[in-house]
Amino acid sequence: ASSGLDRAGWRRNNIRALWLIVIGASIVAALVGYLGATAVGTGGGFVPAFAAGAILTMLADTMMPEAFEKGGRAAGLLTTVGFAAAVLISSFE
């Protein structure tokens, strides 16, 4: 993202400021999510499932278009293989 903004003519200070805002928003979101999950006693698989869905959404929205552009059709297959490997590894815990 930073290199794309740099190529688009953004000033480096503006790029840094944007990332600081993203970091701050992430900290606040993590804190709110943690407090919300502990306040209602959410247990089981809700929080990991929600996190997995968020990661898949981020992959589909921001990373997959560029992966298809640069890697071709194999990008989807390799993403699925990677996800299956992660599920398999997590099942051994």
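Residues numbered from 1 in each chain as written. Predicted model: local features only at pLDDT ≥ 70, side-chain atom pairs only at ≥ 80, totals over all residues. Heavy atoms only, no water.

Chemist: Please clarify how the layout of surface pockets should be interpreted in this entry.
Modeler: One water molecule sets the probe size; rolling that probe over the atoms shows where empty space is left. If you add up the space inside the largest pocket, you get close to 510 Å³. As for the largest pocket, its lining consists of 15 residues, and the residues nearest its centre are A29, A30, F50, A51 and A54. At the level of secondary structure, the elements contributing two or more residues to the lining of the largest pocket comprise α2 (12-39) and α3 (46-71). When residues of the lining of the largest pocket are assigned to their parent elements, the largest contribution, nine residues, is made by α2. Considered class by class, the residues forming the lining of the largest pocket number 12 nonpolar, three polar and no charged. The volume enclosed by the second largest pocket comes to roughly 170 Å³. What lines the second largest pocket is simply A51, A52, I55, L56, L59, A60, M64, T79, T80 and F83. Elements with a contribution of two residues or more to the lining of the second largest pocket: α3 and α4 (74-90). (1 Å grid on protein atoms, 1.4 Å probe; cavity = no way out; pocket = protein on both sides within 12 Å on 5 of 7 lines; lining within 4 Å. Points joined across faces, edges and corners; volume = space filled by probe spheres on them. Helix = DSSP H or I, 4+ residues; strand = E, 2+ residues; numbered from the N terminus. Nonpolar A, V, L, I, M, F, W, Y, C, P; charged D, E, K, R; others polar.)

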